[in-house]
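# Close look at the chain arrangement
Spelled out, the chains give:
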Amino acid sequence: FAARFHGVELGDVGLYYLDYGSSVRIDPRDLDDFYLVQVPLDGSAIIAGRGWEMESTTRMASILQPGSPVSMRWSNGNRQLLVHIDSDALHDRLRRRLGRVPRESIRFDPSMRLDGDRENAWVRLVKTLVDGVDTLGAGPQDLAIGELGNAVMNQLLLSQSNNEGLGMHCDIVVGVNPGNSQLA
């Protein structure tokens, strides 16, 4: 057993790399104050919650969320990029986006396809944030890094199916016809 864990907190968003180095079973405490998107870089994991089970692979990430206990079995070689998002900050973003206080806490589909255009754009944005931290560092004074963290939260709300109707099942695009759009 040789676990590797590296991470950085960027205000409301944290980025972490985790590799347990062997197969493990994980029964985490309830995530009462954050969301955790687990993006496998290699390997796979079986994740089960109340009434659902999924296999997380390099083609399918998972989203753990407050109030939803889970149990996980990570395979040997399952390296993951973890995106930790503060729940209060995410709910504030949602409130701003909706223009009203949400009826309830945001609930995401726990399975995030990584081969869809919107989801792939979210992963590219996260990787841009990782590259930015590697290049610029992670000082709290770095406005560019902070704004990328905000964009990660906004893009998650827009790209992942959720109970507020935002996300991949909501195809409202204001003022743009994708089939006929041109740059001026």
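Residues numbered from 1 in each chain as written. Predicted model: local features only at pLDDT ≥ 70, side-chain atom pairs only at ≥ 80, totals over all residues. Heavy atoms only, no water.

## Comments concerning the side chain of Asn78
- Examined against the element boundaries, Asn78 turns out to sit in the loop between β8 (71-74) and β9 (80-86).
- Here Ser44 takes part through its backbone oxygen, which lies 3.3 Å from a polar atom of the side chain of Asn78.
- A polar contact of 3.4 Å, which involves the side chain of Asn78, links it to the side chain of Gln80.
- Excluding its chain neighbours within four sequence positions, the residues that come into contact with Asn78 are Leu18, Asp19, Pro40, Asp42, Gly43, Ser44 and Ala45. (Helix = DSSP H or I, 4+ residues; strand = E, 2+ residues; numbered from the N terminus. Polar contact = N/O pair within 3.5 Å; in protein donor to acceptor, adjacent residues only side chain to side chain. Contact = heavy atoms within 4.5 Å.)

## Some remarks on the pattern of salt bridges
- Throughout the structure, instances matching the rule amount to 10 salt bridges.
- Between Asp32 and Arg29 there is a salt bridge whose closest N-O contact spans 3.0 Å.
- With a relative accessible area of 54%, Arg29 lands in the exposed category.
- In this structure, Glu164 engages Arg100 in a salt bridge whose closest nitrogen and oxygen atoms are separated by 3.1 Å. In this pair, Glu164 is assigned in the segment after α3 (143-159) and Arg100 in the loop between α1 (87-98) and β10 (111-113), connecting sequence segments 64 residues apart.
- You can call Arg100 partly exposed: its relative accessible area is 34%.
- Here the salt bridges share partners, and the residues they tie into one network are Arg59, Arg113, Asp115 and Glu119. (Salt bridge = Lys/Arg side-chain N within 4 Å of Asp/Glu carboxyl O. Buried < 20%, exposed > 50% of the residue type's maximum accessible area, 1.4 Å probe, protein only.)

## Concerning the pairing of strand β6 (residues 52-56)
- Relative to β6, strand β5 (residues 45-49) runs antiparallel, the two sharing five bridges. By the bridge assignment, Gly49 is partnered in β6 with Trp52.
- Linkage of β5 to β6, two consecutive antiparallel strands, is achieved through a turn of two residues, within which Gly51 is found at a positive phi near 80°. (Pairing = 2+ DSSP bridges.)

## Digging into the nonpolar core
- Within the largest apolar cluster, 29 residues are counted, with the highest numbers of intra-cluster contacts made by Val83 and Trp122.
- When sequence neighbours within four positions are dropped, the list of residues in contact with Trp122 reads Val37, Val39, Val83, Met112, Val152, Gln155, Leu156 and Ser159.
- Counting residues in each nonpolar core, the second largest holds 15 residues, with Leu18, Ile47, Met54 and Trp74 among its members. (Core = buried A, V, L, I, M, F, W, Y, C linked by side-chain atoms within 4.5 Å.)

## Considerations on helix α2 (residues 117-136)
- Taking 1.5 Å as the rise per residue, α2 with 20 residues should run 28 Å; its terminal C-alpha atoms sit 28 Å apart, in good agreement.
- Buried residues belonging to α2 abut β1 (4-10), β2 (13-19), β4 (34-40), β9, β10 and α3.
- Once α2 finishes, Gly137 follows within two positions and takes phi at roughly 90°, a positive value. (Expected span 1.5 Å × (residues − 1).)

## Here we look at the sheet that holds β10
- Taken in spatial order, the six strands of this open sheet run β1-β2-β9-β4-β7-β10, and their pairing is antiparallel. Of all the strands in the sheet, the pair left with one neighbour each is β1 and β10. Strand-to-strand twist across the sheet, computed as the mean angle between neighbouring axes with direction ignored, equals 20°.
- Where β1 lies against β2, seven bridges are found, and the strand directions are antiparallel. Looking across to β2, one finds that Phe5 is bridged to Leu18.
- Packed on one face of the sheet, α1 meets β4 and β9 and runs near 70° to β9.
- Seen against the sheet, α2 touches β1, β2, β4, β9 and β10 and runs at an angle of roughly 90° to β2. (Axes fitted to C-alpha atoms, helices over the stretch in contact; angles between N-to-C directions.)

## Structural notes on the packing of aromatic side chains
- The final tally for this structure, using the stated rule, is three aromatic pairs.
- Measuring from centroid to centroid gives 5.7 Å for Tyr35 and Phe108, while their planes differ by 85°, and the two rings are edge-to-face. Residue Tyr35 is located in strand β4, and its partner Phe108 is located in the loop between α1 and β10; the two are separated by 73 residues in the primary sequence. Here Tyr35 and Phe108 have matching classes, each one buried. (Phe/Tyr/Trp six-rings, centres within 6.5 Å; stacked < 30°, edge-to-face > 60°.)

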